Amino acid sequence: MERNIVNELLEWRNNRKDRLPLVLYGARQVGKTYTLQRFGRDHYKNCLYVNFERMPVIAEFFGGDLSPERIIRFLEEYFSEQIIPEQTLLIFDEIQVCERALTSLKYFAEEAPEYHIAAAGSLLGVALHRERYSFPVGKVLMKTMYPLSFDEFLNASGNGHFVPMIKGHFEQKSEMPDQSHRELMTWLRRYLFVGGMPAVVKMYMEEQSLVNIQEMQELILNAYTADMAKYSTAGEYTKIQNAFRSLPAQLAKDNKKFQYKLIRKGATAGLFGDSIAWLVMAGIALECDRVTRGEVPVKVSRDISSFKLYMSDVGLLSCFSGIMPENIIRQELSDVYKGALAENYVAQALCAGGHELYYWTSDAPSAEVDFLIQKAGDVVPVEVKYDQNVHGKSMRHFSNMYHPKEMIRISARNFGVDESGLVSVPLYAAFCI
């Protein structure tokens, strides 16, 4: 599967001036290891792969002196392979298991920048949360990897010819031909069920069927639950799991603001705040914070007491919610939950596009804009609708208050611009934003 992040990896590889060791972060099973190994095979003379979880002897070695020369010599002897500056990619996988290996990246940055090192970790935020070794801030380049976005899904499914078409119509704000629009909306509905986890996409492409998809998705959800037990205390585990299980219910309501009472009776931010932070740091959930003003810079008006939580993958949300494939294909879902899937999908697309997630609300009159993004120095309100019924007062209210240069509505409608200047973007083109 071709991943968009490879372009960023190439920029990193070719940066000879101030290249730092790379740390690729993301939830479990989003494709970090596969992508790095394939990148090593395609763009380097050789590639050495170290998995600190499976290779305890190497992990123990990092308990000693962390000089780059000592580490390089040891790894060459261990693998019986030469590590050549600029020509060998050294991959440190599951680096959260060995904090000293993470610390060593600082010394490679300072003393041996000629070596190309890419580390991968699924639970860096939570695994190191209580440890004594600090993260090498400023000495590594951090990149976050997400599940396959819809354009990557189209490429994987043999429909890559649609991607430049979508980009072209997005840039020109011109209508997509009706037949192509309908076909893309059909693929979009499949994506809402399959999602972008590589193993799930691979199964779907091999079987050309949605029937067994949920078995693979449940394995991934079970792996997340296992991580909760592994990287937390017994008391924390119960609270993290309860917060995690509440996610479908949090999104299955008109007001998708996170409500602690849906975790359990008497739940409060004091009791479950750390549990929610765990889910976000593990890459399992995406946090969207409320802002009180629609002006640059957006984050300065953030209200930390109000937020939404989305799943990192819309396919896992469908599975977690008990949605069956026919429910999506036949469009049998309630309007509220169709909206939840659409919002979760767009949140995922915006994150993959490098945007921080914010939403805006107003009390008088009551109004809410699903997402605010900061783009080229301007605030762009983004409204999300699952169907073609796009009438809403919130965007007009926001426009009257802040007069944005650009407004976007993502829905089942084709590309276009209405008389108010609001840009219509089909759901399948969210990756272009």
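As the structure is a prediction and not an experimental result, all values here were calculated from the model.

**Q** How should I be thinking about the overall build of the protein in this particular structure?
**A** When helices and strands are tallied, the protein shows 18 helices and 14 strands. In summary, the protein has a C-alpha radius of gyration of 23 Å against a globular reference of 22 Å for 433 residues, a match within 12%. The contacts in the protein between residues at least 6 apart in sequence include a share of 70% that link residues at least 24 apart. With the model as given, the accessible surface of the protein reaches about 19,100 Å², and the carbon-plus-sulfur share is 48%. Positive and negative charge centroids in the protein, built from 48 and 53 side chains respectively, lie 3 Å apart.

**Q** Got a minute to help me understand the nonpolar core in this structure?
**A** Across soluble globular proteins, nonpolar side chains show a tendency to be buried alongside one another. Membership of the largest hydrophobic core comes to 108 residues, with the highest contact counts inside it found for I166, Y224, W278, Y345, F371 and Y428. A total of ten residues in this core trace back to one element, the largest contributor, which is helix α17 (residues 335-352). Ignoring anything within four residues of it in the chain, the contact list for Y224 reads A27, R28, M197, F244, I284, S312 and L316. In this structure, M55, F62, L102 and I117 belong to the second largest nonpolar core, which totals 30 residues.

**Q** Honestly, the sheet that holds strand β4 (residues 116-121) in this entry has me stumped. Any pointers?
**A** Sheets are built from strands that pair by backbone hydrogen bonding, the pairs being arranged parallel or antiparallel. Judged by pairing direction, the sheet is parallel, and its five strands sit side by side in the order β2-β3-β4-β1-β5 without closing on themselves. The open sheet is flanked by β2 (46-51) and β5 (141-144), the only strands paired with a single partner. Averaged over neighbouring strand pairs, the angle between their axes works out to 20° when direction is ignored. Contacting β1 (22-25), β2, β3 (88-93) and β4, helix α2 (residues 32-43) crosses the sheet at an angle of about 170° to β3.

**Q** Help me understand the packing of aromatic side chains in this model?
**A** Working definition: an aromatic ring pair is given by the centre-to-centre distance plus the angle between the planes. One pass over the structure, following the stated rule, counts 24 aromatic pairs. Each ring, one from Y310 and one from F371, has its centre 5.9 Å from the other, and the planes form 40°; the classification is tilted. Note that Y310 is positioned in strand β7 (residues 302-311) and F371 in strand β10 (residues 371-375), a separation of 61 residues in sequence. Under the relative-accessibility criterion, Y310 is labelled buried at 0%. Aromatic ring contacts, followed pair by pair, group F52, F61, F62, F74, Y78, F79 and F92 into a single cluster. Of note, R13 hangs over the ring of Y44, and the distance from its end group to the ring centre comes to 4.8 Å.

**Q** What is the right way to read the environment of A349 from this model?
**A** With respect to the secondary-structure elements, A349 resides in helix α17. Expressed as a C-alpha distance, the spacing of A349 and A223, which sit 126 residues apart in the sequence, is 23 Å. Residues within four places of A349 in sequence aside, it is in contact with A430 and F431.

**Q** Is there a simple way to explain the state of the cysteines in this structure?
**A** Cysteine pairs can be covalently joined through their sulfur atoms, and such a bond is termed a disulfide. Per the counting criterion, the structure on display carries zero disulfides. Take C432: it sits in no disulfide, and the sulfur closest to it among the cysteines is that of C351, at 17 Å.

**Q** Please clarify how the packing of helix α8 (residues 162-172) against helix α9 (residues 178-194) should be interpreted in this entry.
**A** Packed helices, taken two at a time, are described by the angle their axes make and the gap between the axes. Contact pair α8 / α9: the axes reach a minimum separation of 12 Å and the direction vectors enclose 115°. Put simply, α8 runs roughly perpendicular to α9. α8 and α9 meet at a crossing whose hand is left-handed. Packed against α8, whose contacting residues are F162, M165 and I166, the element α9 presents S180, E183 and L184 at the interface.

**Q** What's the story with the pairing of β2 in this structure? I'm lost.
**A** Within a regular beta strand, the side chains point alternately toward one face of the sheet and then the other, so they alternate between its two faces. Burial analysis of β2 places five of its six residues in the buried class, the great majority of the element. As paired strands, β2 and β3 are joined by six bridges and run parallel to one another. The residue of β3 that forms the bridge with L48 is L90.

**Q** Just to check I follow, could you spell out the sheet that holds strand β11 (residues 378-384) for this structure?
**A** Here we have five strands laid out as an open sheet, ordered β10-β11-β12-β14-β13, and mixed in their pairing. For this open sheet the edge positions go to β10 and β13 (416-417), each flanked by a neighbour on one side alone. Relative to strand β14 (residues 422-426), β13 runs antiparallel, the two being bridged by two bridges. Across the sheet, the residue bridging to G416 is S424, located in β14. Seen against the sheet, helix α18 (residues 394-402) touches β10, β11, β12 (407-411) and β14 and runs at an angle of roughly 170° to β11.

**Q** Mind showing me how you'd approach the side chain of N327 here?
**A** Checked against the element boundaries, N327 lands in helix α16 (residues 325-329). Judged by relative accessible area, which is 18%, N327 ranks as buried. Residues within four places of N327 in sequence aside, it is in contact with E332 and L333.

**Q** Sorry, what's going on with the pattern of salt bridges here?
**A** Two side chains bearing opposite charge may form a pair once their charged atoms approach each other closely. One pass over the structure, following the stated rule, counts 24 salt bridges. As a salt-bridge pair, K139 and E110 come within 3.3 Å of each other at their nearest N and O atoms. Of this pair, K139 sits in the loop between α6 (124-127) and β5 while E110 sits in helix α5 (residues 99-111), and the two are 29 residues apart along the sequence. K139 gets classed as partly exposed once you look at its relative accessible area, which sits at 28%. Residue E206 pairs with K202 through a salt bridge whose shortest N-O separation is 2.6 Å.

**Q** Explanation requested: the environment of C351 in the structure shown.
**A** With respect to the secondary-structure elements, C351 resides in helix α17. Under the relative-accessibility criterion, C351 is labelled buried at 11%. With 80 residues separating them in the primary sequence, C351 and F431 have C-alpha atoms 9.6 Å apart. When residues no more than four places from it in sequence are discounted, the contact partners of C351 are Y146, L286 and L357.

Thresholds applied
Residues numbered from 1 in each chain as written. Predicted model: local features only at pLDDT ≥ 70, side-chain atom pairs only at ≥ 80, totals over all residues. Heavy atoms only, no water. Helix = DSSP H or I, 4+ residues; strand = E, 2+ residues; numbered from the N terminus. Rg over C-alpha atoms; globule rule 2.2 N^0.38 Å. Contact = heavy atoms within 4.5 Å. Areas by Shrake-Rupley, 256 points an atom, 1.4 Å probe, with all protein chains shown as cover. Lys, Arg positive; Asp, Glu negative; His and termini not counted. Charge placed at Lys NZ, Arg CZ, Asp CG, Glu CD. Core = buried A, V, L, I, M, F, W, Y, C linked by side-chain atoms within 4.5 Å. Buried < 20%, exposed > 50% of the residue type's maximum accessible area, 1.4 Å probe, protein only. Pairing = 2+ DSSP bridges. Axes fitted to C-alpha atoms, helices over the stretch in contact; angles between N-to-C directions. Phe/Tyr/Trp six-rings, centres within 6.5 Å; stacked < 30°, edge-to-face > 60°. Lys NZ or Arg CZ within 6 Å of the ring centre and 35° of its normal. Disulfide = S-S within 2.5 Å. Parallel < 35°, antiparallel > 145°, perpendicular 65-115°, else oblique. Left-handed = near helix turned anticlockwise from the far one by under 90°. Salt bridge = Lys/Arg side-chain N within 4 Å of Asp/Glu carboxyl O.

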